[in-house]
Amino acid sequence: GKSLYDILGVSRTATDKELKVAYYKLARDSHPDKHPEDAEADAKFKRISEAYQILSDPRKRQIYDQLGAEGLEE
């Protein structure tokens, strides 16, 4: 699948501020309240939120960068 960075549309070197700006823009555009009948928008919103939750946490981001998504499951 897509990397968390691709989901947010940022580079691997993105700063915390760049992550936040990208997250808020994407979350606003795909928010379920904006698309109440669109299950795909809801799923996209959840992926965006999960990506931001991981990448905005320095420890989780370090694990993700080193081991990928599998490293976070342990």
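Residues numbered from 1 in each chain as written. Predicted model: local features only at pLDDT ≥ 70, side-chain atom pairs only at ≥ 80, totals over all residues. Heavy atoms only, no water.

The name given to the protein in an unreviewed UniProt entry is J domain-containing protein, and the organism recorded there is Guillardia theta.

Participant: Looking at this structure, I do not really get the nonpolar core. What am I missing?
Facilitator: Ranked by internal contacts, the top residues of the largest apolar core, which has 17 residues, are Leu 4, Leu 8, Val 10, Leu 19, Tyr 23, Leu 55 and Tyr 64. Looking at this core, the elements that each hand over two or more residues are helix H1 (4-8), helix H2 (16-30) and helix H3 (39-55). If near-sequence neighbours (up to four positions away) are discounted, Val 10 is found in contact with Tyr 5, Glu 18, Leu 19 and Ala 22. (Core = buried A, V, L, I, M, F, W, Y, C linked by side-chain atoms within 4.5 Å. Buried < 20%, exposed > 50% of the residue type's maximum accessible area, 1.4 Å probe, protein only. Helix = DSSP H or I, 4+ residues; strand = E, 2+ residues; numbered from the N terminus. Contact = heavy atoms within 4.5 Å.)

Participant: Quick question: what am I supposed to make of H2 here?
Facilitator: Residue pairs spaced three or four apart in an α-helix point in one direction, given the helix's 3.6 residues per turn. If you check H2, its first and last C-alpha atoms are 21 Å apart, about what 15 residues at 1.5 Å a residue would give, namely 21 Å. Inspection of H2 places Leu 19, Ala 22, Tyr 23, Ala 27 and Ser 30 among the buried residues, and these make up the whole buried set. Down the axis of H2, the smallest arc covering the buried residues is 125°, so these residues share one side. Turned more than 90 degrees from where H2 packs its buried face, Lys 17, Val 21, Tyr 24 and Arg 28 sit exposed. Turning to H2, the residues buried within the fold contact H1, H3 and helix H4 (58-67). (Expected span 1.5 Å × (residues − 1). Arc of directions from axis to C-beta.)

Participant: Explain the UniProt feature "domain: J" (unreviewed entry) in the protein to me, please; I cannot follow it from the model alone.
Facilitator: When the UniProt feature table is mapped onto this chain, "domain: J" (unreviewed entry) is found at residues 3-68. Annotated as residues 3-68, this span is 71% helix and 0% strand, and its ends, taken at the C-alpha atoms, are 9 Å apart. (UniProt positions renumbered as here; feature names shortened; annotations may be inferred.)

Participant: What exactly am I supposed to notice about the environment of His 31 here?
Facilitator: Tracing the sequence through the fold places His 31 in the loop between H2 and H3. Each C-alpha atom of the pair His 31 and Ala 41 lies 7.0 Å from the other, and the pair is ten residues apart in sequence.

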